[in-house]
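Geometric and topological summary
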Amino acid sequence: MSFKYTLAIIKPDILVKQNQKIPKILELIESKFIIHEKKQLNLTIEQAEQFYSDHRGRFFYERLVSFMTRGPIIPLILSDKSITDHDKTSSSIKSWRDFIGPTHRDKAREVDCLRGTFGSSDTRNAFHGSGSEEEAIKEILFFFPNFIKEKKN
Ligand SMILES: Nc1ncnc2c1ncn2[C@@H]1O[C@H](COP(=O)(O)OP(=O)(O)OP(=O)(O)O)[C@@H](O)[C@H]1O
């Protein structure tokens, strides 16, 4: 049994330009996931650089940091309602990433997924999802420093 949670972010392209869609988006998320924690905040440039430090040096890094700081974001801690045995093939991390779909806009539009519906470019792709258990723990600690020690499971 592995880690049960994942870290999701609703990105600024939704909160700046499509704010009225937030209730609908939360409803879609709650059709499949339990929302354990949720808050709204504005990232500083330093925080965005820290969060995306693995991408430092990539051609889209400055664009990404600038985009992620141009408006509010909503980080959420989620777990997939339907999974009882969390392992490598069946995890909230994987099912949330499947739910949001591919990173790139054109690929996302080929499938039924949140990024295909709400994303507008490769950078402004509306949602984030942790890529691994290690990343999920690090990202949950980044936004919700007390969550893991309070849950202890
Ligand atoms: N080729 C690209 N062109 C422009 N922006 C990009 C590109 N690749 C990634 N990005 C932006 O950087 C973010 C992080 O890239 P990463 O490769 O980690 O994608 P991801 O794992 O699908 O996304 P996330 O980490 O946000 O869930 C992407 O979500 C997107 O906003």
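Just so we're clear, the structure is a prediction, and the values are computed from it rather than from any experiment. (Residues numbered from 1 in each chain as written. Predicted model: local features only at pLDDT ≥ 70, side-chain atom pairs only at ≥ 80, totals over all residues. Heavy atoms only, no water.)

1. Digging into the side chain of K11
Applied cut-off: Elements are defined by DSSP. Helices are runs of H or I of four residues or more, strands are runs of E of two residues or more, and each kind is numbered from the N terminus. Between buried and exposed lies partly exposed: a residue is buried under 20% and exposed over 50% of the maximum accessible area for its type, with that area taken using a 1.4 Å probe on protein chains only. For the purpose of charge, His is not counted, nor are the chain termini; Lys and Arg are scored as positive and Asp and Glu as negative. For this analysis, a salt bridge means a side-chain nitrogen from Lys or Arg found within 4 Å of a carboxyl oxygen belonging to Asp or Glu.
Structurally, the position occupied by K11 is in the loop between β1 (6-10) and α1 (12-17). Buried charge without a salt bridge: K11, with D13 as the nearest opposite-charge side chain at an N-O distance of 6.9 Å.

2. Points about the UniProt feature "active site" (unreviewed entry) in the protein
Applied cut-off: UniProt positions are given in the numbering used here, feature names are shortened, and annotations may be inferred rather than shown by experiment. Should any heavy atoms of two residues lie within 4.5 Å, those residues are considered in contact.
When the UniProt feature table is mapped onto this chain, "active site" (unreviewed entry) is found at H128. Residue position: H128 is located in strand β4 (residues 127-129). Beyond its immediate stretch of four places on either side in the chain, H128 contacts L7, A8, I9, K11, F51, Y52, W96, I100, R115 and E139.

3. Description of the pattern of salt bridges
Counting across every chain of the model gives three salt bridges. Of the charged contacts, one joins D80 and K32 as a salt bridge, the two residues approaching to 3.3 Å between their closest N and O atoms. Taken together, the residues D80 in strand β3 (residues 74-80) and K32 in the loop between α2 (22-30) and β2 (33-38) connect sequence positions 48 residues apart. Look at K32 and you get partly exposed, because its relative accessible area is 29%. Between D106 and R105 there is a salt bridge, with the nearest N and O atoms lying 3.4 Å from each other. According to the relative accessible area criterion, D106 is exposed, its value standing at 54%.

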